[in-house]
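Structural description and commentary
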Amino acid sequence: MQFSVGKRLGKKYEVVDVLGSGWEGSVYLVRELGTDIERAAKFFNTGKNAGNKMIKYYARKLHKLRHCPILMKYHTQETVEIDDVPVTFLVSEFVEGELLSEFVASNRGNKLHPYQGLHLLHALVSGLEHIHRAGEYHGDIHLENIIVERYGLDFQLKLIDIFRWNKHSLADNKSEDIYNAISVMYEALGGQSTYASHDDVIKSICCGMKRPLIRKKFKNARALKEHLENLTW
């Protein structure tokens, strides 16, 4: 499904821009008619949303996690007719900022300073701690799914998208979130090409990016957060 700028979605929204697209679907910046408030509208590809299962999953999970500051806020679902076929989509807050991948690329050498990387990881893990305490997981953490809303002494981040893993336990999914958060820092610092030159502080967290070692060392988000907060730099 592709909509051009200016396309009316029913009587309530107008398409402003395309925010992104992938195997799961597409996200558009839309303007609410009558108020001019901007929102994000997510349309799922037909094959990924049989019976609106994914929409229901997203909506319920985002509502459950509505008190987690690192996640976007879900507003409602809407249905419009496209070629006489009813299509349901999700409406959430529009998060202003810069994709983490673009933020990293704008830095000298296309990478962050190690001190920035540690602050980035702390912000990510602090957000994950809220999600995990609620008995949930994110499931899709990478540089293209993180928006930097603000950067100063620390990072203010928003995670976009979530993913549903059906074949793993909740404990495994939480552990994968932690691994992926560390992987984000690892990639933001230059990845494999710079890893050997990093201080032992960084290496003690990355553990050579070996899942079993990371999982053994950081059993939950709180353990990683406390490790970061007690580092001697």
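Please refer to the structure placed before this passage.
Residues numbered from 1 in each chain as written. Predicted model: local features only at pLDDT ≥ 70, side-chain atom pairs only at ≥ 80, totals over all residues. Heavy atoms only, no water.

1. Brief notes about the overall build of the protein
- Looking only at helices and strands, the protein has eight helices and nine strands in total.
- In terms of overall size, the protein behaves like a compact globule, its C-alpha atoms giving a radius of gyration of 19 Å where 233 residues would be expected to give roughly 17 Å.
- The principal-axis extents of the C-alpha atoms in the protein amount to approximately 60 × 40 × 30 Å.
- The proportion of buried residues among the 233 residues of the protein is 47%.
- Of all intrachain contacts in the protein linking residues separated by at least 6 positions in sequence, the fraction that spans at least 24 positions is 56%.
- By element, 48% of the accessible surface of the protein is carried by carbon and sulfur atoms, the whole surface being about 12600 Å².
- Across the protein, the 32 positively charged side chains and the 29 negatively charged ones have centroids separated by 7 Å. (Helix = DSSP H or I, 4+ residues; strand = E, 2+ residues; numbered from the N terminus. Rg over C-alpha atoms; globule rule 2.2 N^0.38 Å. Buried < 20%, exposed > 50% of the residue type's maximum accessible area, 1.4 Å probe, protein only. Contact = heavy atoms within 4.5 Å. Areas by Shrake-Rupley, 256 points an atom, 1.4 Å probe, with all protein chains shown as cover. Lys, Arg positive; Asp, Glu negative; His and termini not counted. Charge placed at Lys NZ, Arg CZ, Asp CG, Glu CD.)

2. Notes on the packing of helix α3 (residues 114-133) against helix α4 (residues 170-188)
- Between α3 and α4, whose axes approach to 9 Å, the crossing angle comes to 165°. Judged by the inter-axis angle, α3 sits roughly antiparallel to α4. Here α3 runs over α4; the crossing is right-handed. Together, G117, L118, L120, L121, L124, L128 and H132 of α3 and K174, D177, I178, A181, I182, V184, M185 and A188 of α4 make up the contact between the two elements.
- Of the residues in the contact of α3 with α4, the class split is eleven nonpolar, two polar and two charged. (Axes fitted to C-alpha atoms, helices over the stretch in contact; angles between N-to-C directions. Parallel < 35°, antiparallel > 145°, perpendicular 65-115°, else oblique. Left-handed = near helix turned anticlockwise from the far one by under 90°. Nonpolar A, V, L, I, M, F, W, Y, C, P; charged D, E, K, R; others polar.)

3. As for helix α1 (residues 53-64)
- Between the first and last C-alpha of α1 there are 16 Å, a value that for twelve residues agrees with the 16 Å anticipated at 1.5 Å per step.
- Contacts from the buried residues of α1 go to β4 (38-44), β5 (74-82) and β6 (85-93). (Expected span 1.5 Å × (residues − 1).)

4. Side note on the pairing of β5
- In terms of strand pairing, β5 meets β6 through eight bridges, oriented antiparallel. If you follow Y74 over to β6, its bridge partner there is S92.
- Count of turn residues in the β5/β6 antiparallel hairpin: two residues, of which D83 carries a positive phi of about 55°. (Pairing = 2+ DSSP bridges.)

5. A closer look at helix α8 (residues 221-229)
- Within the span of α8, buried status applies to A221, L224 and L228. Buried residues in α8, looked at end-on, bunch into an arc of 70°, giving them a common side. (Arc of directions from axis to C-beta.)

6. Digging into the sheet that holds strand β8 (residues 146-151)
- The three strands are arranged β7-β8-β9 in an open sheet whose pairing can be described as antiparallel. A single partner strand is all that each edge strand has here, and the edge strands are β7 (98-99) and β9 (155-159).
- Bridge count for β7 against β8 is two bridges, and the pairing is antiparallel. Each bridged residue has a counterpart across the sheet, and for L99 the counterpart in β8 is I147.
- Docked against the sheet, α3 engages β8 and β9, running at close to 45° with respect to β9.

Interpretation in functional terms is not warranted from these geometric data alone.
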